[in-house]
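# Secondary and tertiary structure notes
Take a look at the letters that make up each chain.
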Protein chains: 2
Amino acid sequence: MSKVAIVGSNTSKFRKETSSLLEVSCEPCIEILRENPIFKKYIDGIILSTTSNAQYGAAIISEYLDIKPKISQGVDNLCNSGTNAIITGYSLIKSGLCNTILVIGADDTSTSGSKLEWDLSRGNFAFPVHWAALFAKKHIRQYGTTEEQMALIASRNRSNAVKNPSALFRKKISLNNVMESKMIVQPIKLLECSYVCTGASALIITSEENAKKFTDLPVWISGIGSFTSTASFGNLSNNLSSIVSTQLAAKMAYKNSRFTPKDIDVVELHDAFSIMELLAYEDLELTTKGNGGEYAEHTEKLINPRGGLLGSGHPLGATGVAQTAEVFNQIAGKGGRRQVKSCNIGLVHNMAAAGSSSTVLILSR
Amino acid sequence: MSKVAIVGSNTSKFRKETSSLLEVSCEPCIEILRENPIFKKYIDGIILSTTSNAQYGAAIISEYLDIKPKISQGVDNLCNSGTNAIITGYSLIKSGLCNTILVIGADDTSTSGSKLEWDLSRGNFAFPVHWAALFAKKHIRQYGTTEEQMALIASRNRSNAVKNPSALFRKKISLNNVMESKMIVQPIKLLECSYVCTGASALIITSEENAKKFTDLPVWISGIGSFTSTASFGNLSNNLSSIVSTQLAAKMAYKNSRFTPKDIDVVELHDAFSIMELLAYEDLELTTKGNGGEYAEHTEKLINPRGGLLGSGHPLGATGVAQTAEVFNQIAGKGGRRQVKSCNIGLVHNMAAAGSSSTVLILSR
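None of these values were measured; they are calculated from a predicted model.

Let's shift gears to the overall build of chain A. Scanning chain A for helices and strands turns up 13 helices and 12 strands. Its C-alpha atoms give chain A a radius of gyration of 19 Å, within 12% of the compact-globule value 21 Å for 365 residues. In terms of overall dimensions, chain A has a C-alpha envelope of 55 × 40 × 40 Å along the principal axes. Considering chain A as a whole, with its 365 residues, one finds that 67% of them fall into the buried category. Contacts spanning at least 24 positions in sequence make up 78% of the contacts within chain A whose residues lie at least 6 apart. In the form shown here, chain A has an accessible surface area of approximately 12400 Å², with 50% of it arising from carbon and sulfur atoms. Distance between charge centres in chain A, computed from 37 positive and 32 negative side chains, equals 3 Å.

Attention now moves to the interface of chain A and chain B. Listed per partner, the contact involves 50 residues of chain A and 50 residues of chain B. Summing both sides of the interface, chain A and chain B together bury roughly 4200 Å²; the carbon and sulfur share of this comes to 51%. Considering only the surface of chain A that becomes buried against chain B, Gln55(A), Tyr56(A) and Glu63(A) emerge as the three largest contributors, covering 19% of it. The interface formed by chain A and chain B includes zero salt bridges. Applying the counting rule to chain A against chain B returns 36 residue pairs in polar contact (both at pLDDT 80 or more). Taken together, the elements giving at least two residues each to the side of chain A that touches chain B come down to α3 (57–64), β3 (71–76), α4 (81–94) and β8 (219–228) of chain A.

Residues and elements named next belong to chain A. The element helix α10 (residues 274–283) is extensively covered by neighbouring structure, given that 10 of its 10 residues are classed as buried. Turning to α10, its buried residues number three or more, namely Ser274, Ile275, Met276, Glu277, Leu278, Leu279, Ala280, Tyr281, Glu282 and Asp283. Phi turns positive one or two residues past the end of α10, at Glu285, with a value near 65°.

Superposing chain A onto chain B requires a rotation of 180° together with a translation of 0.0 Å along the rotation axis, leaving an RMSD of 0.0 Å. When the rotation and shift are considered jointly, the pair of chain copies conforms to a two-fold rotation axis. When the interface residues of chain A are mapped onto chain B, 100% of them again fall at the interface, so both copies present the same face.

With that out of the way, let us pick up a positive patch on the surface. Together, Lys13(A), Lys163(A), Arg170(A), Lys172(A) and Arg337(A) give the surface a local cluster of positive charge. Along the chain, the position of Arg337(A) falls in the loop between α13 (316–332) and β11 (345–352).

A full pass over the atoms with the stated rule returns 14 aromatic pairs over all chains. When the ring of Trp131(A) is compared with that of Phe135(A), the centres are 6.0 Å apart and the planes differ by 85°; the resulting orientation is edge-to-face. Of this pair, Trp131(A) and Phe135(A) both sit in helix α5 (residues 128–143), four residues apart, roughly one helical turn. Classification of Phe135(A) by relative accessible area gives buried; the value is 0%. Considering the side-chain rings of Phe39(B) and Phe214(B), the 4.9 Å spacing of their centres and the 75° angle between planes classify their relative orientation as edge-to-face. One end of the pair, Phe39(B), is in helix α2 (residues 38–42); the other, Phe214(B), is in helix α8 (residues 208–214), with 175 residues separating them in the sequence. Exposure class is identical for Phe39(B) and Phe214(B). Each is buried.

Okay, the packing of α5(A) against α10(A) next. Residue and element names in this part refer to chain A. Running from N to C, α5 and α10 cross one another at 55°; their axes reach a closest spacing of 9 Å. Relative to α10, the element α5 is oriented oblique. The two elements α5 and α10 meet at a crossing, and its hand is left-handed. Every residue of α10 that contacts α5 at Trp131, Ala132, Phe135, Ala136 and His139 is listed here: Ile275, Met276, Leu278, Leu279 and Glu282. Classifying every residue of the contact of α5 with α10 gives eight nonpolar, one polar and one charged.

Side-chain pairs of opposite charge can arise where the charged atoms are in close proximity. Evaluation of the coordinates by the stated rule reveals 20 salt bridges over all chains. Notably, a salt bridge pairs Glu282(B) with Lys289(B), separated by 2.8 Å at the nearest N-O pair. Several salt bridges converge on common partners, so that one network encompasses Glu147(A), Lys189(A) and Glu192(A).

Conventions we followed
All residue numbers refer to position in the chain's written sequence, counted from 1. Each chain takes a letter, starting from A, and each ligand takes a number, starting from 1, following the order in which they are written. With pLDDT at 70 or above as the cut-off, local features in this predicted model cover only qualifying residues; side-chain atom pairs require 80 or more to be listed or tallied, and sums for whole chains, interfaces and linings still use all residues. Side-chain figures throughout are based on the complete set of non-hydrogen atoms in the structure, without hydrogens or water. Strands are runs of DSSP state E lasting at least two residues, helices are runs of H or I lasting at least four, and both sets are numbered from the N terminus onward. Our radius of gyration is a C-alpha quantity, and the globule rule it is checked against amounts to 2.2 Å times the number of residues to the power 0.38. Using a 1.4 Å probe on the protein chains alone, a residue whose accessible area is under 20% of its type maximum counts as buried, one over 50% counts as exposed, and one in between counts as partly exposed. Residue contacts are defined here by distance: any two heavy atoms, one from each residue, within 4.5 Å place the two residues in contact. In this description, accessible areas are obtained by the Shrake-Rupley approach with a 1.4 Å probe, and a residue is regarded as covered only by the protein chains that are shown. Counted as positive: Lys and Arg. Counted as negative: Asp and Glu, with His and the chain ends omitted from the count. Where a charge lies is defined by one atom per residue type: Lys uses NZ, Arg uses CZ, Asp uses CG and Glu uses CD. Summed over both partners, the accessible surface that disappears when two parts come together, traced with a 1.4 Å probe, is what is meant by buried area. We define a salt bridge as a contact between a side-chain nitrogen of Lys or Arg and a carboxyl oxygen of Asp or Glu at a distance within 4 Å. Each polar contact in these results corresponds to two N or O atoms within 3.5 Å; when the atoms are within protein, one needs to be able to donate a hydrogen and the other to accept it, and residues that are neighboring in sequence are counted only if both atoms are side-chain atoms. Only residues with pLDDT of at least 70 in both copies count here: their C-alpha atoms drive the least-squares fit that superposes the copies. Only residues whose relative accessible area exceeds 30% and that form no salt bridge are eligible for patches; like-charged ones are grouped when within 9 Å, while nonpolar side chains (Val, Leu, Ile, Met, Phe, Trp, Tyr) are grouped when within 5 Å. We call Phe, Tyr and Trp rings a pair once their centres come within 6.5 Å, taking the six-membered ring for Trp, and we label the pair stacked below 30 degrees between planes, edge-to-face above 60, and tilted otherwise. Axis lines are fitted to C-alpha atoms, over the contacting stretch for helices. Their N-to-C directions set the angle, which ranges from 0 to 180 degrees. Working rule for angles: under 35 degrees goes down as roughly parallel, over 145 as roughly antiparallel, 65 to 115 as roughly perpendicular, anything else as oblique. By convention, the crossing between two helices is left-handed when the near helix turns anticlockwise from the far helix through less than a right angle, and right-handed when the turn is clockwise. Each residue is assigned to one class: nonpolar for Ala, Val, Leu, Ile, Met, Phe, Trp, Tyr, Cys and Pro, charged for Asp, Glu, Lys and Arg, and polar for all the others, Gly among them.

Shown next as structure tokens:
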């Protein structure tokens, strides 16, 4: 079966101001089409990832952009929407229904997705930081992880974001700044929480045949893994030391890409809170279970070069697309000031609602 | 490439009362799983079609049903969402990412999709009946179509619905009843308008390999066509005598199924208003352009046996799924009192927002 490539990307400036969702959605698309007008002729699918209630949004965007695609769809899977939209695009190309798809992720601060009111199992603890705190306490108790190790992750991601012009936060912060920031829910501090903001990111994905028309260096979607464990926190796990859906999604992606964790040069992972990055190290098999704190101190790989969710901000529906855009850029040598020299294989980890569902993509040269 | 089959379906009672969207969504799923408990073991994807703002709805439904799928997603394309969710499921199976997918369509009366407030080109004429009236006037002027021909369609569909236990309206109505019903926007009368209601429908679609495990009589998805012309009414067409997106989607579906209009035994088409059924006859190539009124009087095919949108009601996100379920049932010989004897090949026509986008599916034995 023929392969599917990513051949273009752009990400808007992430910001705190609320805007019209559909106008924000168009920002990265307009940049992509300005840089490569040829795409317009080929795009036959538009997939919009958002958690906002943008009925018929993909069709409206197609009109804004003056494109008449065969297929236009909105996709929602909460914070995990972005990579799900990529999976839909990938599948539409694989099935032969489309050839070249514009995948857009966008959200603004008016999304109601940042408070999980439908999850009655959380009781009054409806904000994501409540579950993050439980994960953190469990890891500290079980493996002796320290608050400093978690804070180090936040400090590094915020510092990475300095080099990312799209990032919401562009000021370097120290470990001390994190440790001294306001305690939100013990042991999670303010600077360890991602910020739900406005922003959009877009990708062009295409068939193997078309990829050669567009670029000499396509980046292939080589592995896809996805798993939905549950939706509510109450059914998540008896053991809060792992993100089960991430473990299963990662195994599936490694298996169908035939790459191993050792092969990965760059990782964009879902650091909604610093503790979730630490858990993801383990559940993506970058290190052994329980060793996440240690790994935070001696990371061997390039992790969250764009600044992650902590540094870039977290426009829910855009995040998975922006993560994938970053790994694409690193592999394609378009990382700008963030470029890592030898980058051939990368991994994207996107999840939703306390890790109740996860997606892992593996991209390669 | 291996084929994709529909192997199960159920449709809830369509009704006027508003319910919890996610509970309505589960109704047909519970019936399917009660009848065929084996599906539960195989379902590895859940796709929810809805225009309501059901963030993370597919994941929440997976928890309600105690299923842990690989992929869970919500899909929106306004009234055209249902068949888009089927296209997503089809593609996920074709790509090898999933094997057996539960596709659910659901909406309730609280959807805001029945008034197209985003479309500024409509001015104060934001309700769908406004554009339907323009289509109708144009056809009357250009082809001499009569109000009686349109009314006949409404009377027939409402009468078909009498045999459909899921339908919202189950009282036979005469042509005179339609003609004498309240004029809404000249020349469209009350009984020629579909009613936005609460309801859900679900399908099980699966790979060729699995289909044989589930049934001796799978129904194949043999053709898919889809096109997005625009979103707003103002950009729709200079010529309101055709639904352009339907013409293009039909051509695509006929081509990739290798069936012709003559081969089709049963049609479920998108009669949001009686005039749209008349136009669809022409644009699906069941008759020649301009002959829709005549065709309404002497239809050769079984059209909208479940009662169409006019008889069944129109829960936006559910409609495309319920239409497909009906064609599946007719071909699989599960049409109950509505069963047509020799039914081998069927067509589903689903569209949104004045026909600015359309999907056509062709199913076959």
